[in-house]
Amino acid sequence: MNKEVLDQKVNDFMAKVIAKNPSEVEFHQAVKEVVESLIPYIEEHPKYKDGKVLERICEPERVLMFRVPWLDDKGEFQVNRGFRIEMNSAIGPYKGGLRLHPTVNLGVLKFLAFEQIFKNSLTTLPMGGGKGGSDFDPKGKSDNEVMKFCQSFMTELQRHIGPDTDVPAGDIGVGGREIGFMFGQYKRLRNEFTGVLTGKGLEWGGSLIRPEATGYGATYFAKEMLATRGLEIEGKTVVISGSGNVSQYACERVTMYGGKVVTMSDSNGFIYDPNGIDAEKLAYIMNLKNVKRGRISDYATKYGVEYHEGKTPWGVKCDIAMPCATQNELNEADAKVLVANGCYCVSEGANMPSTPEAVEYFLEKKILYGLGKAANAGGVATSGLEMSQNSLRLSWTREEVDQRLHQIMIDIHKTCVKFGKEEDGFINYVKGANIGGFVKIADSMLAQGLV
Ligand code: NDP
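Just so it is clear, the model here is predicted, and its values are computed rather than measured.

## As for the domain arrangement of the protein
Buried accessible area, meaning the area lost when the parts come together, often serves as the stated size of an interface.
Here's step 1: Considered domain by domain, the protein is made up of domain 1 (62–192) and domain 2 (213–370).
Here's step 2: Averaged C-alpha coordinates put domain 1 and domain 2 at centres separated by 27 Å.
Here's step 3: Taken together, the eleven residues of domain 1 in the interface contact eight residues of domain 2.
Here's step 4: Overall, the association of domain 1 and domain 2 removes approximately 710 Å² of surface from exposure, summing both partners, and the carbon and sulfur fraction of that is 40%.
Here's step 5: For the domain 1 face of the interface with domain 2, the top three residues by lost area are Phe111, Lys139 and Arg177, together amounting to 46%.
Here's step 6: Between domain 1 and domain 2 we count zero salt bridges in total.
Here's step 7: Where domain 1 touches domain 2, the interface holds two residue pairs in polar contact (both at pLDDT 80 or more).

In structure tokens:
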């Protein structure tokens, strides 16, 4: 299909999506990226076109929006908005994280739920796509306030979820503390101890390696991409954004492979440590972020390194970049600076961190570009493994889970190569992940009739 025809078809399709879902810009962005990859494939496979699979996949099966009232420490009423998007259950119960961040709205969660469908399919595990959360900001709140919010949020959400229906997990702003409060409330209201959430504590049904999984997985994916060009992580300089769950374990795994991580960031700025963030310094960051809930600028003070207020780290020279903070954190200008500085591999720990223009530039320059849908699928894959262990009422060892995670990332990479290798040998991971994730979903939807 020539580019003009493809552009026309994409624009026609997107016009309908935009008209139906006005102002949900992140959702439009996520759909467009997938549709651009899929339309040529669907034209060659008319059963998907006749079955209107693409149109159906863009429509959530169910959208839940609800009031979350809670009392703050002064005894004053607060109110937030809660969401759960049950996007697609063609291959398993809805599965996807909960995000607590002031920027959360319907469009953001629909983009995340939409991406989740393809990501979960790529893992080969039986999980449908979902996402949820609230515009509640955990920053600056006491443990008591976070608990009050989580209990109120779960009081409504529990009506809609269950171990065979919908199994939420963590995401931005939702770690072990929040999952604990939510699980406790679910248990009280439903009088059942089930695997209804993943990311649980080890003592009460959690899986070893789940905290590490997304960051480790994005590193395993980078390793596979590099291997296609005879390269490895050892000795390479790596720039990481964010300093939360995904960033921390990406840093740990890269360092274990002998790479040197020179940056980390938060929403206020980034630190640049030319000597590398080693295990001891990373332990400091983990305590700073997970226990003290402080700012990354403290690292600069502690270790006497540069701190760049209000900036992202993409101007720092590196071989490999791992955006691990949030959506649209890396734009076209950043992509150009990265490539000009010699970066040849991008492995996305975050969801949709690169803008469409940045992605286009990476593809044009034919660097190794591993999009989040594929590169960060290790998190949900290990959540899938947590669900399996809960169903079996067994716990696997750290080595066993890590080995399964690693194999899943190798297999996702293989799927991307299968569907994304172009005539000149370049691997277009965007195309590979989108088509590779789509086929199983589409075939399942066709088999299930009017769904
Ligand atoms: P955390 O809440 O643990 O950490 C998020 C990090 O990103 C923090 O450093 C935060 O800084 C920074 N950040 C958040 N929002 C912004 C923003 N608007 N601008 C700049 N920095 C920001 O979240 P996770 O590490 O769990 O998630 C990070 C990304 O990875 C997200 O895109 C998420 O969807 C994705 N992801 C997570 C998975 C998981 O298993 N946790 C699985 C797959 C994908 P600050 O502290 O200042 O807010």
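Let's pick the thread back up.
## Topic: the side chain of Glu224
Here's step 1: Mapping Glu224 onto the fold places it in helix H8 (residues 213–227).
Here's step 2: Once residues lying within four places of it in the same chain are set aside, the contact partners of Glu224 are Ile410 and His413.

## Comments concerning the site of the ligand
Here's step 1: Around the ligand, 25 residues are found, and the nearest of them are Asp171, Thr214, Ser267, Arg295 and Asn351.
Here's step 2: The separation between an oxygen atom of the ligand and a polar main-chain atom of Val246 is 3.0 Å.
Here's step 3: Between Gly349 and the ligand, the recorded distance is 3.4 Å, taken from a backbone N or O atom to an oxygen atom.
Here's step 4: Elements that contribute at least two residues to the shell around the ligand include exactly helix H9 (245–256) and strand S7 (260–266).
Here's step 5: Among the residues making up the shell around the ligand, the classes are represented as five nonpolar, 13 polar and seven charged.
Here's step 6: Counting the residues that make up the shell around the ligand, at least three belong to each of domain 1 (62–192) and domain 2 (213–370).

## Here's the deal with the layout of surface pockets
Here's step 1: If you add up the space inside the second largest pocket, you get close to 1000 Å³.
Here's step 2: For the second largest pocket, the lining is made up of 34 residues, of which Leu6, Glu36, Ser37, Leu363 and Asn428 are closest to its centre.
Here's step 3: Among the secondary structure elements, those contributing two or more residues to the lining of the second largest pocket are helix H1 (3–20), helix H2 (25–44), helix H13 (356–364), helix H14 (372–375) and helix H17 (429–447).
Here's step 4: It is H2 that contributes the most residues to the lining of the second largest pocket, seven residues altogether.
Here's step 5: Here the lining of the second largest pocket is built from residues that sort into 14 nonpolar, seven polar and 13 charged.

## Considering the pairing of strand S5 (residues 166–169)
Here's step 1: Taking every second residue as pointing to the same face, both faces of S5 are buried, with Asp166 and Pro168 on one and Val167 and Ala169 on the other.
Here's step 2: Looking at chain direction, strand S3 (residues 94–100) and S5 are connected through four bridges and run parallel. When the sheet's bridge partners are listed, Gly97 is paired in S5 with Ala169.

## A closer look at the pattern of salt bridges
Here's step 1: Inspection of every chain in the model, using the stated rule, returns 26 salt bridges.
Here's step 2: Lys9 is paired through a salt bridge with Glu43; the nearest N and O atoms lie 3.6 Å apart. Of this pair, Lys9 sits in helix H1 while Glu43 sits in helix H2; the two residues are 34 residues apart in sequence, bridging distant segments of the chain.
Here's step 3: Residue Lys9 is classed as partly exposed on the basis of its relative accessible area, which comes to 30%.
Here's step 4: In this structure Glu43 comes out as partly exposed when scored by relative accessible area, which is 30%.
Here's step 5: We note a salt bridge from Lys47 to Asp443, for which the minimum N-O separation is 3.3 Å. Here Asp443 lies in helix H17 and Lys47 lies in helix H3 (residues 46–50), a separation of 396 residues in the sequence.
Here's step 6: Residue classification places Asp443 among the partly exposed positions, given a relative accessible area of 30%.
Here's step 7: When salt bridges that share partners are traced, they join Lys9, Glu43 and Lys49 into one network.

What counts and what doesn't
Residues numbered from 1 in each chain as written. Predicted model: local features only at pLDDT ≥ 70, side-chain atom pairs only at ≥ 80, totals over all residues. Heavy atoms only, no water. Domains from an automatic or database assignment. Contact = heavy atoms within 4.5 Å. Buried area = accessible area lost by both parts, 1.4 Å probe. Salt bridge = Lys/Arg side-chain N within 4 Å of Asp/Glu carboxyl O. Polar contact = N/O pair within 3.5 Å; in protein donor to acceptor, adjacent residues only side chain to side chain. Helix = DSSP H or I, 4+ residues; strand = E, 2+ residues; numbered from the N terminus. Near = heavy atom within 4 Å. Nonpolar A, V, L, I, M, F, W, Y, C, P; charged D, E, K, R; others polar. 1 Å grid on protein atoms, 1.4 Å probe; cavity = no way out; pocket = protein on both sides within 12 Å on 5 of 7 lines; lining within 4 Å. Points joined across faces, edges and corners; volume = space filled by probe spheres on them. Buried < 20%, exposed > 50% of the residue type's maximum accessible area, 1.4 Å probe, protein only. Pairing = 2+ DSSP bridges.

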